[in-house]
Structures are given as structure tokens and as C-alpha cells.
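Below are the chains, spelled out letter by letter.
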Amino acid sequence: MDDVVSARQKWWSFAVERPNFRRLWCAQSISVFGSQITLIAFPLIAISLLHASVSEVGILSALERAPFLVFGLVAGVLVDRWRPRTVLIVTDWIRAVLLGLIPVAAFSDALTIEWLFFIAFAVGSCTVFFDIAYQSVLTSLVEPGDLLTANRWLETSRSVAEMSGPGVAAGLLKVVSVPVSIAVDALSFVFSALFVHSTRPTEPVPRAPRDSSLWSDFKAGLRFVRETGFLRWNAVIGATWNLLYQALLAVFFVYLARELRLSAANIAIVVLAGSVGAVLGVLVMGTVNRWCGLGRGIVLSMCSAGAGGILLVAADGSSLLAIVVVASGFMLINASQPLFNVNVISIRQMITPDHLMGRTTAAIRFLVWGTLPVGALVGGFLGEAFGTRSTIAVLGGGYLIPALMTMISPLRRIRDISDVGIEKSKQTASKEC
């Protein structure tokens with residue numbers, strides 16, 4: 001018990017003792033909260049002020065996410081050629097200015113759906129660069145042995161933002177109008193930029209070979225992922241989990257409403273349980289890693305998702321027991337994500353050379369997030385062809401696949417972050433690039 005209390009005290013004091021990291025964490029947290037408000041405020045302003053059609057709202061939502069696929073890999077190449085801290089500051093200021101234009105245009109009756117499309121895509125593009133660059137900045141702010149704790153802080157703020165962000169946005173919209181809420185969102189990015197500006201990372205000077213092209217740099221990032229066993233397994237397991245999760249979401253609410261006949265209030269309880277699970281996954285991560293080690297913690301995270309998938313299938317009817325079972329299953333699935341992410345991201349940052357950090361991060365995210373639209377299509381097709389219960393059964397059982405992958409992968413053998421073999425990996429990467 002004393003060891004657990006001491007570990008928690010050490011975690012809480014980590015940011016206090018590292019002002020540079022604390023400022024980056026504040027900037028990242030504000031940025032994530034701002035993005036959550038934007039996701040809700042954009043469609044609302046399109047509906048309430050511009051009287052947008054259903055298809056136009058759908059296009060707007062797609063444009064917010066499209067940059068992750070359009071610019072994901074290119075952004076990684078460019079971040080490696082630029083100073084990541086500068087990328088964070090510039091993208092924050094661009095988002096602040098673009099979002100600030102919306103209330104100005106709205107109050108002067110100059111806002112159109114086309115302008116909102118453009119701003120949504122531009123803000124999403126800046127978010128892509130910000131998300132990739134802050135991981136590169138992180139490695140220059142903390143020691144390699146502290147990456148696990150640092151990423152736990154960052155994942156905590158992300159999980160809390162995703163859980164509470166929609167509620168904060170809804171509360172804000174009850175107090176002020178939609179254009180004013182977007183103005184508040186713009187101001188959040190100003191504060192984020194100021195926090196980043198106050199950091200003093202020891203960034204290496206960006207370097208690119210004289211004969212290096214964007215295409216060759218792009219291939220170097222993918223090659224490093226392909227030829228590094230840990231990264232290859234990271235990409236495959238993460239992509240499989242995301243495909244299953246997005247396919248699940250495509251039919252999940254229809255399954256709850258029509259198959260289990262849950263009321264809107266009970267569906268909200270299930271969704272809340274999933275959000276709580278994401279936060280709990282972060283909170284128990286330290287204890288799980290101390291008891292099991294990083295590798296077995298990764299295995300346990302995917303086994304948690306497998307158990308959650310089985311519980312979703314086991315639920316039947318709208319009784320209290322069925323609600324508890326399906327809520328527990330959704331909680332376990334969502335808890336697995338941060339437990340997996342914090343560990344693999346920390347190890348990835350340890351084994352990736354500084355000059356490949358942006359490209360490697362972008363390549364992993366492209367491969368992992370590229371399955372999201374595929375999963376949505378697969379889930380919708382299966383639900384239409386075979387019904388929601390059969391689809392949930394297939395997808396729930398499918399979560400056993402990433403669990404089995406972790407059991408046979410080299411990830412399971414990593415006990416501590418010092419076991420990764422940093423120097424060997426970096427020397428290999430230098431020869432390859």
C-alpha cells in the first residue's frame with residue numbers, strides 16, 4: 001500500500017517539478033478541450049444560423065476529420081524538417097484567428113456554409129500538425145525514463161477532455177450563444193500558444209539530407225515502422241482495435257435502442273460508463289505496470305477489450321442486469337485504449353531517433369487511424385446484412401484478435417521501459433536512413 005501511495009505522490013509531483021513539461025501539458029489539455037467544443041459548436045452553428053441541410057452537416061463533420069488522412073503522413077515529414085515547438089505555436093495562432101473570424105462573420109451576417117467548410121478543414125489540418133509536433137517536443141522536455149509518466153499525464157487530460165468536453169460545451173452553449181462559444185474556443189487556443197511559447201525545450205536542429213525529397217522522407221518513416229518489430233506490431237494491433245471499435249460504434253446505438261430496447265436515459269448511462277472507463281484506464285495504468293510490467297500491461301489492455309466484447313454479446317433485454325452487463329462491457333473496451341496507448345507511445349518515443357520522430361508518429365497514426373472509415377463501412381454493412389445482434393457478436397468476438405496478437409508479439413516481453421534497447425534501435429535506424 002505504501003508503494004502505491006508513494007507512486008501516486010510521485011506521479012502528482014511530476015508536473016510540479018518540471019515547469020517546461022507542465023506548460024506543454026497545459027497547452028495540450030487546453031487544445032484538446034478546445035477541439036471538443038469545436039466538434040459540437042460547428043454543426044450547431046451550421047444548423048442554427050445557416051440552416052444547413054443534413055448532407056451539409058455531414059460534409060462539415062467529414063471535413064473536420066479529413067485532414068488526418070489527407071495530411072497525416074506529409075505532416076510527419078514536415079515536422080521533422082521544422083522546429084516542433086514553432087509548429088505548435090503557429091498552428092495554435094492559426095486556429096485562434098480562424099475560429100475568431102466565425103463570430104465576427106456571424107454578427108455581421110457574412111458567414112456562409114462554404115466559409116464554415118473552409119474553416120473546419122483548415123482548423124482540422126492545424127490539429128493534425130499540432131498532434132504530431134507535440135510528441136516530438138515532449139522528448140526534448142523530459143528524460144527518456146520519464147516518458148511513461150509524461151504520457152500518462154497527457155493521456156489523462158485527453159481522456160478527461162473526451163469525457164467532459166461535450167458536457168462543458170453543452171453547458172457553455174446554455175449560457176452564451178453559439179458564435180460566442182466559438183469565440184471562447186478561439187481564446188483557448190491563444191492561451192495554448194502562450195503556454196507553448198513559455199517552454200524552453202532543448203530541440204535538436206532540424207536536419208534533412210541535401211538530396212532528400214518529401215517522398216524519400218515519407219518512405220523513410222514507413223520503412224522504419226516496417227523494419228522495427230515493436231512498431232510493426234503496434235501499428236497492426238492498433239489498426240485492428242480501431243477498425244473493430246469504429247465498426248462497433250456504427251451499430252452500437254441501434255443495438256441498444258432496437259435490440260435491447262433501452263431508453264434514452266439508459267443509453268446515456270452506457271455511454272457515460274464508456275467515458276468513465278477511459279479515465280479509469282489511465283488511473284490504473286501505473287498500478288498495472290508495476291504489478292505486470294509494460295508488456296503484460298499491454299496484453300492485459302487488449303484482454304480487457306476482449307472481455308468487454310464478450311459482455312456486449314451476453315446482454316439481453318432491457319432489465320437492470322442487461323444494462324449493467326452492456327455498460328460493463330463498454331467500460332472495459334474503453335478502458336483498454338489508454339492503457340494500451342500510454343505504454344506503446346512511451347516505448348515508441350524511446351526507440352525512435354529524434355530526426356524520425358515526426359515521420360514515425362505520422363506513419364503510425366496514418367496506419368492506425370486509416371482503418372476508422374473502413375470500420376464504419378464494415379459495421380454498417382454487417383448491421384444491414386445480418387442484423388445488429390449478429391454484428392455485435394462478430395465484433396465482440398473480434399476483440400479477441402488483438403488480444404491474441406499481443407500474446408504472440410514481442411511486446412509481451414518488455415518488463416520495463418529500460419528493456420527496449422534504445423541504442424541498438426537508434427544505430428539501426430541511422431544506418432537505414
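Residues numbered from 1 in each chain as written. Predicted model: local features only at pLDDT ≥ 70, side-chain atom pairs only at ≥ 80, totals over all residues. Heavy atoms only, no water.

Things to note about the overall build of the protein
- Helix and strand counts for the protein stand at 19 helices and 0 strands.
- The buried share among the 433 residues of the protein stands at 53%.
- Long-range pairs, those at least 24 residues apart, make up 89% of the contacts in the protein with a sequence separation of at least 6.
- With the model as given, the accessible surface of the protein reaches about 19200 Å², and the carbon-plus-sulfur share is 66%. (Helix = DSSP H or I, 4+ residues; strand = E, 2+ residues; numbered from the N terminus. Buried < 20%, exposed > 50% of the residue type's maximum accessible area, 1.4 Å probe, protein only. Contact = heavy atoms within 4.5 Å. Areas by Shrake-Rupley, 256 points an atom, 1.4 Å probe, with all protein chains shown as cover.)

Quick notes on helix 4 (residues 72–81)
- Taken across its 10 residues, helix 4 has 8 buried, putting it largely inside the fold.
- Residues of helix 4 that are buried: Gly72, Leu73, Ala75, Gly76, Val77, Leu78, Val79 and Asp80.

Observations regarding the nonpolar core
- Counting residues in hydrophobic clusters, the biggest one holds 84 residues, and the most contacted among them are Phe252, Leu256 and Val326.
- Residue contacts for Val326: discarding those within four places in its chain leaves Phe252, Leu256, Leu260, Leu262, Val270, Leu312 and Ala315.
- If you look at the next biggest cluster of nonpolar residues, it comprises 26 residues, including Ala41, Phe117, Ile119 and Phe189. (Core = buried A, V, L, I, M, F, W, Y, C linked by side-chain atoms within 4.5 Å.)

Points about the environment of Leu249
- Here Leu249 is to be found in helix 10 (residues 229–259).
- Look at Leu249 and you get partly exposed, because its relative accessible area is 26%.

A closer look at the packing of aromatic side chains
- Evaluation of the coordinates by the stated rule reveals 10 aromatic pairs.
- Arranged with centres 5.8 Å apart and planes meeting at 85°, the rings of Trp115 and Phe118 form a pair that is edge-to-face. On the criterion of helical spacing, the pair formed by Trp115 and Phe118 is a turn pair, its members being 3 residues apart in helix 6 (residues 113–141).
- Among the aromatic residues, those joined into a ring-pair cluster are Trp241, Tyr245, Phe252, Phe253, Phe330 and Tyr399.
- Here the basic side chain of Arg95 rests over the ring of Phe130, its NZ or CZ set 4.8 Å away from the ring centre. (Phe/Tyr/Trp six-rings, centres within 6.5 Å; stacked < 30°, edge-to-face > 60°. Lys NZ or Arg CZ within 6 Å of the ring centre and 35° of its normal.)

As for the packing of helix 10 against helix 15 (residues 357–369)
- Where helix 10 meets helix 15, the closest approach of the two axes is 7 Å, and the angle between their N-to-C directions is 35°. Every pair of crossing elements has a handedness; the one defined by helix 10 and helix 15 is right-handed. Across the interface between the two elements, Leu231, Asn234, Ala235, Gly238, Ala239 and Asn242 of helix 10 pack against Thr360, Ile364, Leu367, Val368 and Trp369 of helix 15.
- Looking at side-chain class alone, the contact of helix 10 with helix 15 contains 7 nonpolar, 4 polar and no charged residues. (Axes fitted to C-alpha atoms, helices over the stretch in contact; angles between N-to-C directions. Left-handed = near helix turned anticlockwise from the far one by under 90°. Nonpolar A, V, L, I, M, F, W, Y, C, P; charged D, E, K, R; others polar.)

Comments concerning unusual backbone geometry
- Here His51, not a glycine, exhibits a phi torsion of approximately 50°, which is positive.
- With respect to the element layout, His51 can be found in the loop between helix 2 (19–48) and helix 3 (54–70).
- Look at Arg261: it is not a glycine, yet its phi comes out positive at around 55°.
- Among the secondary structure elements, Arg261 is positioned in the loop between helix 10 and helix 11 (264–283).

What to know about the side chain of Thr406
- The topology assignment puts Thr406 in helix 18 (residues 400–408).
- Within the local environment of Thr406, its side chain forms a polar contact with the backbone oxygen of Ala403, the two atoms lying 2.6 Å apart.
- When sequence neighbours within four positions are dropped, the list of residues in contact with Thr406 reads Ile237, Ile298, Val299, Met302 and Arg412. (Polar contact = N/O pair within 3.5 Å; in protein donor to acceptor, adjacent residues only side chain to side chain.)

Regarding helix 12 (residues 285–292)
- Those residues of helix 12 that sit buried are Met285, Gly286, Thr287, Val288 and Asn289.
- Positive backbone phi, approximately 95°, marks Gly293, located one or two places after helix 12.

Remarks on the pattern of salt bridges
- Applying the stated criterion across every chain, the model contains 3 salt bridges.
- Here Asp92 and Arg95 are joined by a salt bridge, their closest N and O atoms 2.8 Å apart. Of this pair, Asp92 and Arg95 are both found in helix 5 (residues 84–107), 3 residues apart, which corresponds to roughly one turn of the helix. For the residue pair Asp92 and Arg95, the accessibility class agrees, reading buried in each case. (Salt bridge = Lys/Arg side-chain N within 4 Å of Asp/Glu carboxyl O.)

A few points about the packing of helix 4 against helix 6
- Axis separation between helix 4 and helix 6 bottoms out at 9 Å; the angle between their running directions is 45°. With respect to each other, helix 4 and helix 6 are oriented oblique. The handedness of the crossing between helix 4 and helix 6 is right-handed. For the pair helix 4 and helix 6, the contacting residues are Gly72, Ala75, Gly76, Leu78 and Val79 in the first and Val128, Phe129, Ile132, Ala133 and Ser136 in the second. (Parallel < 35°, antiparallel > 145°, perpendicular 65-115°, else oblique.)

Digging into a nonpolar patch on the surface
- Together, Trp93, Leu187, Phe191 and Leu194 line one region of the surface with nonpolar side chains, adding up to about 390 Å² of accessible area.
- Of all the elements, helix 8 (residues 178–197) adds the most residues to the nonpolar patch, at 3 residues.
- Inspection of the secondary structure puts Leu194 in helix 8.
- Given the relative accessible area of 45%, Leu194 is considered partly exposed. (Patch = residues over 30% accessible without salt bridge, like charges linked within 9 Å, V, L, I, M, F, W, Y side chains within 5 Å.)

A word on the side chain of Arg348
- Assignment of secondary structure puts Arg348 in helix 14 (residues 320–351).
- For Arg348, a relative accessible area of 5% puts it in the buried group.
- Contact partners of Arg348, with chain neighbours within four places excluded, come to Gln135, Phe230, Leu231, Asn234, Thr360, Thr361 and Ile364.

Some words on the confidence of the model for the protein
- Here the protein averages 80 in pLDDT, while 85% of its residues score no lower than 70.
- When pLDDT is averaged over each helix and strand of the protein, the minimum, 44, is found for helix 19 (residues 422–432) and the maximum, 93, for helix 18.
- Throughout residues 1–5 the model reports pLDDT below 50, and contacts reaching past four residues in sequence, or to other chains, amount to 1 contact.
- Counting contacts from residues 422–433, a segment whose pLDDT is below 50, to residues more than four positions away or on other chains yields 17 contacts. (pLDDT = per-residue confidence, 0-100.)

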